Amino acid sequence: MGDEKMTELHTIKEVPEAGKKKDNFDPSMMEFLVENRLINGTQTMLIDLDRCTRCDDCLQACASGHSNNPRFIRHGRIHGHYMVANACMHCEDPVCMIGCPTGAIHRSERNGEVVINDLTCIGCGTCAISCPYENIRMVNVRDQSDESAVMVDPVNGRPIVKATKCDLCVEHHGGPACERACPHDALKRADMNDLDFLSDWLNR
Amino acid sequence: MKTFRFRLFWAIIASLFLAILFVVGMLSYKIVLHNTAFISGWILLVMVLVLTLFNVRKKLTYPPLFKSATWMQFHIYIGALSVLVFLLHTEWHLPNGVFESIFYCLFVFVAGSGVIGIYLTRTIPRQLAGRGGEVIFERIPMFLKELREQAEGLVIDSLQFNDSTIIADFYNTKLAAYMSAPRPVSLRVFRHDRLREEYQAELKALHRYLSDEEQEVAEKISDVLALKDVLDFHHGRQGLLKAWLFVHIPLTYAVLLFMVVHLVLVHAFYGGM
Amino acid sequence: MRIPLQELGFKESTYERPNQAWVCGWAKDGDPCKHGPDGNGRCTAHAQAICQPRGDGDRWLCTRADAFGGSCTEGPRPDGSCSCPTPEHLVCQPTRSLRAKRGLLVKLVAAATFGFLVLMLGDPWRQGFVSPGELSSVHLAIEGTAGEENCMTCHSAGSQGPAAWIETLLTASDDGEDHHNRSEQCLACHFKDGEIAREQAMLVHGVASGQLERVTLIAQSPNPDQSPEKPSVEIQANVDVTVVGASVIGATTSQLILADLVHGPIEDKPEIACSNCHQEHRGINHDLRLMDDVACQVCHQQSFESFNFGHPRFTQVPRQTGGISFDHAKHEERFESGKMNCAGCHSLDSQGHTMEVKSFENACEGCHEQRSTDHHGDVIKKNTLLMIQLPEIEFEDDAYWPVDYAYGESLTPMMTMLLAGDDEALPLLEKIYDEDGAAGDLYEWLIETDDNDEPALRVELAMALKRLIAELADDSKDGAKARIDRLASALGTTVDDMHVQHLANDLASANFVMLIFKQLYLPQVDADLAGEDVSAEDDDQPETQWMTSATTAGWRVDFDDASVSYRPLTHGDSLLKDWMEALKIHSTKPAVDVTNRKSEIRAGLQKHIYAELKSDFNACTKCHTQEEQTINWNAAGRASGFSGYTKFNHSPHIAMLPDQDDCMTCHVLNTGSANDLSMPRGFLPHRNERCESCHAPGKANNTCLNCHQYHKLRP
């Protein structure tokens with residue numbers, strides 16, 4: 001009986017209903033996801049490298065929605081021809097939220113996205129260090145002028161640093177801009193818990 | 001979720017349907033001696049404007065007007081249909097006059113570069129993913145520098161053994177130039193540049209002159225060469241993915257300007273009903 | 001294989017801004033500064049690599065950015081100035097990112113194109129630049145069009161600049177008045193009398209639609225000229241173009257089914273501009289006349305696949321009617337050899353296109369000799385027309401009338417006609433020809449006058465006749481003028497009318513004879529007309545008996561019955577010809593001024609005269625067929641065919657005959673016993689197969705335009 005339970009936990013879930021497509025992405029992908037603890041993510045950014053033309057439209061869209069400051073980088077762990085980009089996955093269990101001294105990083109009231117409040121972030125870097133996936137970046141904030149000069153703390157003359165990460169475009173309509181901007185259907189924000197959807201997407 | 005094949009199938013069906021509809025329509029009007037060039041011309045104008053709007057949509061993240069991928073699909077199929085409309089508009093003739101010939105060529109280049117672009121965007125990513133070594137294009141010079149420093153470090157390492165300069169000489173005469181820059185443009189069109197294999201083979205051939213430690217260093221240099229090759233590959237292929245748009249987009253604006261002038265000319269010089 | 005170079009950590013992998021327009025100049029060497037240029041493309045190394053020393057009480061603290069190394073070890077100088085080493089080696093020349101470069105290229109190309117267009121649309125180059133291609137060789141010869149020098153020969157826009165063109169685009173419409181202007185330029189040269197009528201040039205086939213309907217109906221009826229009643233189609237006098245019937249589009253082939261889907265210009269706008277079919281600017285060797293077969297079939301009711309599949313049978317070809325009525329089949333029997341000698345009567349015209357009939361003298365006279373010889377000959381035909389004869393009238397009182405020599409029982413047609421020209425005689429004639437009364441019978445009328453006790457009318461009639469005789473005998477200018485006036489009134493037309501002039505000439509040739517007549521029977525008529533009191537008993541008896549030969553041709557006095565008669569001189573006798581024509585036209589004129597009672601009467605009289613003379617005229621109309629308002633004096637060539645839309649070139653076909661004279665290869669006689677009236681020429685219709693044997697796919701040209709023409713240009 002115990003073995004059965006173990007088997008349940010460690011094997012790939014079989015889809016029980018007749019007529020529904022069996023999830024059929026190869027076991028090594030599952031292995032990759034589990035090994036890198038990516039199954040934590042509810043909005044993992046997957047990029048299909050077979051279709052991505054490296055045009056950076058996703059970054060442009062993200063930037064245009066965030067005052068020219070993109071919230072992710074187009075690199076990350078790769079398995080086969082899929083990349084899990086360094087964009088906040090909005091984990092089920094966000095480690096980054098532990099330890100924030102000001103509470104700037106929080107869950108938004110809208111749908112539970114993990115969001116950093118720019119105004120209260122003091123740039124200590126605790127969240128960036130905590131994030132096991134390196135999805136949070138410490139950035140010298142620039143102003144909105146033409147020069148886009150680095151903003152400087154008048155008190156100690158040092159540049160102001162803030163933690164930035166993907167916020168799923170909570171301030172805008174339409175959902176994450178990156179996904180909408182990819183012209184080749186290469187980018188997807190996937191919920192790792194929804195394996196049916198994932199396998200469908202991987203097998204398009 | 002709809003697979004790509006599903007989407008492709010129905011998009012082709014829809015395009016074929018529109019194409020047949022258009023051809024039938026044009027033929028009917030031609031038989032009854034209507035001037036079909038005006039009808040097809042206006043349709044072409046609208047199509048070109050819609051195609052151009054794709055660039056505008058790419059720059060506009062908000063408001064959310066359909067996914068960019070949807071626009072892309074429309075762009076591809078309307079682009080293909082526009083070639084058909086263009087051929088019917090020009091009645092399958094090559095133009096005779098200066099203005100029209102230039103205009104024709106511009107359109108051909110834009111459409112042609114579009115077709116080439118489709119081919120590139122559907123083949124190169126696969127090649128890149130297959131090759132491995134995913135790098136961001138703008139960072140390639142950085143990585144190149146790192147590899148060069150790595151190689152130079154290894155070469156210097158080799159000098160500490162037996163005071164032999166075999167590897168150093170080899171590096172200076174052959175590898176230094178190779179490591180200093182990405183491979184030239186002319187070779188980017190081809191998939192496989194044999195130079196790296198040559199160098200690796202030559203390094204292998206050098207082994208008989210090298211001590212054991214030097215051989216290890218030579219192996220590491222060989223690995224660096226392999227990495228450099230990956231970088232070159234990415235540089236070439238990703239560069240091509242960016243370069244074709246340098247033809248497609250600027251010429252579109254030339255086409256638009258010519259289109260406006262053509263519109264004015266055709267109405268001013270129209271000779272019939 | 002993964003490049004271990006790419007670190008993913010936030011400290012190792014710097015923040016990437018792909019949307020920025022400027023990147024550090026050192027990036028291409030692989031060593032970009034961690035800060036990057038500002039938004040205007042200026043390197044920030046200067047500003048950032050040195051610090052703004054911050055004062056904290058007594059101490060000064062270096063505030064150099066971490067990106068450039070963080071606080072320097074030495075710190076600011078005591079006076080508060082920065083001592084960071086000047087970062088010259090860090091200063092770069094920023095370059096544009098790839099995307100920005102592309103944007104720049106776009107602007108460059110757009111500007112270059114704009115400049116190029118503005119330049120080329122400027123004056124010296126405009127025409128050459130804009131011209132869509134060379135003109136065809138036929139138009140290159142027009143002065144001013146060669147070498148794209150002068151577009152405005154045909155295009156009004158050619159003389160204008162881009163500003164005017166834009167105005168045209170914004171204001172003018174495609175239909176309405178404009179299209180006339182555009183085709184007007186073509187018509188400036190392609191407009192000749194008889195070729196393309198200018199006001200009808202834009203209409204279908206260049207004729208009014210009523211005309212086309214008529215042609216269609218005629219073509220559809222099996223015997224257009226033989227049918228007792230012509231199709232009752234009104235020929236529209238005005239140029240109002242209505243739709244060409246419902247005979248617009250029929251479809252048999254797949255292509256024509258498409259045409260069904262669309263309402264073509266024939267229905268919506270019944271006019272077609274020249275350029276609808278004739279496309280210029282297609283190069284020197286382009287043939288402007290070429291048209292696709294399908295285009296013809298859009299409008300024609302009977303549509304078919306091609307000449308070889310479905311083309312209507314040649315029932316009316318060759319033309320069986322009109323022109324000279326000549327039954328070839330019957331005439332073949334008359335030849336001694338038993339075979340027709342086609343070349344004896346037919347010859348090619350100067351261009352070799354049509355076969356013409358030789359003149360009467362060359363072709364027909366050999367057998368149909370019409371020439372009258374002198375009074376010795378026997379070949380003179382016996383046709384004699386009674387022209388003048390004084391009718392037998394009894395008067396109550398004495399009137400100057402040759403009672404012994406007035407034998408006429410009725411008014412001859414010539415007399416009636418000439419009397420009708422006399423205004424004063426008109427009421428008499430009306431009464432004589434009153435349908436309810438005498439109905440043309442002079443005898444009846446005389447009785448009527450008796451019954452009605454109207455002796456004066458008889459006197460009036462006699463006076464009218466005497467006036468007539470006097471005028472006819474008058475060989476002075478006054479007489480000629482009087483005759484012309486009389487004829488003009490009689491025919492209801494003006495003195496300038498051609499027929500009036502001709503008839504007057506013919507009557508003038510009767511002067512001498514009329515003088516004799518007058519001298520013989522009414523010698524005192526002038527005095528009588530002047531009002532003097534004369535009596536017939538004072539006249540001398542006519543003595544001379546000469547000129548009584550029954551074989552005399554032309555005008556003569558017949559002493560036996562005191563008449564003037566006329567025998568035609570030769571074939572093509574001018575009096576008869578002119579008289580027939582005049583009567584034909586003026587008796588069948590539809591338009592009658594009904595407000596004028598006189599012209600109404602005259603018109604009625606003409607009809608009577610014509611009816612009377614019809615059988616006499618049979619001598620001519622036996623061979624010369626008649627149309628509604630004309631008589632065909634000449635043989636009907638294809639040029640006078642009922643449509644003019646078909647052309648046929650004889651010479652190349654004759655050249656291919658095995659025996660040059662073998663016209664029977666195509667023109668087959670109908671020698672069957674049942675030679676019905678539908679074949680008055682005696683030929684069977686051409687067989688389509690004869691033509692199709694050569695005009696078929698892969699052989700000779702079988703397109704519509706090979707045999708048909710849209711504009712009636714040549715036979």
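Just so we're clear, the structure is a prediction, and the values are computed from it rather than from any experiment.

Engineer: Sorry if this is basic, but what is going on with the overall build of chain C here?
Structural biologist: For chain C, the helix and strand inventory stands at 25 helices and nine strands. Of all 715 residues assigned to chain C, the portion counted as buried reaches 25%. In chain C, the share of contacts with a sequence separation of at least 24, taken over all contacts with a separation of at least 6, comes to 62%.

Engineer: Would you mind showing me how to read the overall build of chain B here?
Structural biologist: When you go through chain B residue by residue, the secondary structure sums to eight helices and zero strands. Over its C-alpha trace chain B gives a radius of gyration of 27 Å, far above what one expects of a compact globule, namely 19 Å for 273 residues. Its C-alpha atoms give chain B principal-axis dimensions of about 95 × 50 × 35 Å. Buried positions account for 32% of the 273 residues belonging to chain B.

Engineer: Is there a simple way to explain the confidence of the model for chain C in this structure?
Structural biologist: Should the pLDDT be low somewhere, the predicted coordinates at that spot are not to be read in detail. All names here are of chain C. Taken as a whole, chain C shows an average pLDDT of 75; of its residues, 75% reach a score of 70 or greater. Looking at the elements of chain C, mean pLDDT is at its lowest for helix 9 (residues 265–268), recorded as 44, and at its highest for helix 2 (residues 98–120), recorded as 94. Across residues 224–254 the pLDDT falls below 50, and counting only partners more than four positions away or on other chains, this stretch makes 61 contacts in the model. Counting contacts from residues 263–269, a segment whose pLDDT is below 50, to residues more than four positions away or on other chains yields 20 contacts. As a predicted assembly, this complex carries a pTM of 0.75 together with an ipTM value of 0.91.

Engineer: Can you help me understand the interface of chain B and chain A in this one?
Structural biologist: Bring the parts together and some accessible area is lost; that lost area is often taken as the interface size. Listed by partner, the interface residues are 21 residues for chain B and 28 residues for chain A. Residue contributions to the side of chain B that touches chain A peak at five residues, all from helix 4 (residues 98–131) of chain B. Looking at the side of chain B that touches chain A residue by residue, the classes come out as 12 nonpolar, five polar and four charged.

Engineer: Could you clarify how one ought to interpret the domain arrangement of chain B in this entry?
Structural biologist: Residue and element names in this part refer to chain B. When cut into domains, chain B gives domain 1 (4–132 + 245–268) and domain 2 (137–239). The gap between the C-alpha centroids of domain 1 and domain 2 is 45 Å. Facing the five residues of domain 1 at the interface are five residues of domain 2. A per-class count over the side of domain 1 that touches domain 2 returns two nonpolar, two polar and one charged.

Engineer: Where do I start with the sheet that holds strand 8 (residues 554–558) of chain C in this structure?
Structural biologist: Hydrogen bonds between backbone groups are what pair the strands of a sheet, and the pairing can be parallel or antiparallel. All names here are of chain C. Pairing in this open sheet of three strands is antiparallel, and the strands run 7-9-8 from one edge to the other. Taken across any chain shown, the strands that pair with only one partner, and hence form the sheet edges, are strand 7 (385–389) and strand 8. Each strand axis lies, on average, 25° off the axis of its neighbour in the sheet, ignoring direction. Direction of pairing for strand 7 relative to strand 9 (residues 563–567): antiparallel, over a ladder of four bridges. Paired with L385 across the two strands is Y566, which belongs to strand 9.

Engineer: Even after reading the chapter, I still don't get the sheet that holds strand 1 (residues 44–48) of chain A, so can you show me in this structure?
Structural biologist: Residue and element names in this part refer to chain A. The antiparallel open sheet is built from four strands, whose spatial order is 2-3-1-8. The strands lining the two open edges of the sheet, one partner per strand, are strand 2 (73–79) and strand 8 (187–190). Taken pair by pair, the neighbouring strands of this sheet meet at an average axis angle of 40°, ignoring direction. The pairing of strand 1 with strand 8 spans four bridges and is antiparallel. The residue of strand 8 that forms the bridge with I47 is L187.

Engineer: It is not clear to me how helix 5 (residues 140–159) of chain B should be interpreted in this structure. Could you clarify?
Structural biologist: In an α-helix, one full turn covers 3.6 residues, which means residues spaced three or four apart are oriented alike. Residues and elements named next belong to chain B. End to end, helix 5 covers 29 Å across 20 residues, agreeing with the expected 28 Å (1.5 Å per residue, within 8%). Along helix 5, the positions that sit buried rather than exposed are I140, P141, M142, F143, L144, L147, A151, L154, V155 and S158. Here the buried face of helix 5 lies against helix 6 (166–180) and helix 8 (212–268).

Engineer: I'm lost on the environment of A177(A) in this one. Help?
Structural biologist: Residue and element names in this part refer to chain A. With respect to the helices, strands and loops of the structure, A177 is situated in helix 5 (residues 177–181). A177 gets classed as buried once you count the C-beta atoms within 10 Å, which come to 26. A sequence separation of 115 residues divides A177 from C62, and the C-alpha atoms of the two residues are 5.9 Å apart.

Engineer: Would you take a moment to explain the packing of helix 18 (residues 498–508) of chain C against helix 21 (residues 574–587) of chain C for this structure?
Structural biologist: Relative orientation and spacing of two packed helices are given, respectively, by the angle between their axes and the distance between those axes. Residues and elements named next belong to chain C. Running from N to C, helix 18 and helix 21 point in directions that differ by 145°, and their axes come no closer than 9 Å. For helix 18 against helix 21, the interelement crossing comes out left-handed. Seen from helix 18, the contacting residues are H499, H502, L503 and D506; seen from helix 21, they are S574, L575, D578, W579, E581, A582 and I585. Residue classes in the contact of helix 18 with helix 21 are distributed as five nonpolar, three polar and three charged.

Engineer: Mind showing me how you'd approach helix 3 (residues 57–65) of chain A here?
Structural biologist: All names here are of chain A. Counted residue by residue, helix 3 has eight buried out of nine residues, so it is predominantly covered. Along helix 3, the residues that are buried comprise D57, C58, L59, Q60, A61, C62, A63 and G65. Trailing helix 3 by a residue or two, S67 shows a phi angle of about 50°, which is positive.

Engineer: Please clarify how the confidence of the model for chain B should be interpreted in this entry.
Structural biologist: With 96% of its residues at a pLDDT of 70 or more, chain B has an overall mean of 89. Averaged pLDDT values over the elements of chain B bottom out at 86 in helix 6 of chain B and peak at 95 in helix 3 (residues 68–89) of chain B.

Engineer: Can you help me understand unusual backbone geometry in this one?
Structural biologist: Most peptide bonds take the trans form, and the phi angle of most residues other than glycine is negative. A cis amide bond, omega 5°, links Y62(B) with the succeeding residue P63(B). Looking at the secondary structure, you find P63(B) in the loop between helix 2 (36–59) and helix 3. You will see that S67(A), though not glycine, has its phi angle at about 50°, which is positive. At E134(A), a position not held by glycine, the phi torsion is positive, near 60°. Relative to the assigned elements, E134(A) resides in the loop between helix 4 (126–130) and strand 6 (137–140).

Engineer: Looking at this structure, how should I read the nonpolar core?
Structural biologist: Grouped burial of nonpolar side chains is what soluble globular proteins tend to show. Core analysis: the biggest nonpolar cluster contains 55 residues, and L429(C), I469(C), L487(C), M514(C), F517(C) and V564(C) have the highest contact counts within it. Not counting residues up to four positions away in its chain, the partners in contact with I469(C) are M514(C), F517(C), K518(C), L522(C) and V525(C). Residues L49(A), A85(A), C182(A) and M192(A) belong to the second largest nonpolar core, which totals 52 residues.

Engineer: Explanation requested: the pairing of strand 8 of chain C in the structure shown.
Structural biologist: Each regular strand displays side chains that alternate between the two surfaces of the sheet. Residues and elements named next belong to chain C. Sheet topology places strand 8 next to strand 9; five bridges connect them, and they run antiparallel. Looking at strand 9, one finds that V557 is bridged to V564. Count of turn residues in the strand 8/strand 9 antiparallel hairpin: four residues, of which A562 carries a positive phi of about 45°.

Engineer: So what exactly am I meant to see when it comes to the packing of helix 5 of chain B against helix 6 of chain B here?
Structural biologist: All names here are of chain B. One can describe the packing of helix 5 onto helix 6 by two numbers: an axis separation of 11 Å at closest approach and a directional angle of 175°. In terms of their interaxial angle, helix 5 and helix 6 are classed as roughly antiparallel. Only I167, A168, Y171, L175, M179 and S180 of helix 6 make contact with helix 5, whose side of the interface consists of L147, R148, A151, V155, S158 and L159.

Engineer: Whenever I open this one, the environment of D191(A) confuses me. Can you help?
Structural biologist: Residues and elements named next belong to chain A. In this structure, D191 sits in the loop between strand 8 and helix 6 (195–202). Classification of D191 as partly exposed rests on a count of 15 C-beta atoms within 10 Å. Each C-alpha atom of the pair D191 and V84 lies 12 Å from the other, and the pair is 107 residues apart in sequence. Residues in contact with D191, not counting those within four places in the same chain, are T42, Q43 and F197.

About the criteria used
- Residues numbered from 1 in each chain as written.
- Chains lettered and ligands numbered in written order.
- Predicted model: local features only at pLDDT ≥ 70, side-chain atom pairs only at ≥ 80, totals over all residues.
- Helix = DSSP H or I, 4+ residues; strand = E, 2+ residues; numbered from the N terminus.
- Buried ≥ 20, exposed ≤ 12 C-beta atoms within 10 Å, placed from the backbone.
- Contact = placed C-beta atoms within 7 Å.
- Rg over C-alpha atoms; globule rule 2.2 N^0.38 Å.
- pLDDT = per-residue confidence, 0-100.
- Nonpolar A, V, L, I, M, F, W, Y, C, P; charged D, E, K, R; others polar.
- Domains from an automatic or database assignment.
- Pairing = 2+ DSSP bridges.
- Axes fitted to C-alpha atoms, helices over the stretch in contact; angles between N-to-C directions.
- Expected span 1.5 Å × (residues − 1).
- Left-handed = near helix turned anticlockwise from the far one by under 90°.
- Core = buried A, V, L, I, M, F, W, Y, C linked by C-beta atoms within 7 Å.
- Parallel < 35°, antiparallel > 145°, perpendicular 65-115°, else oblique.

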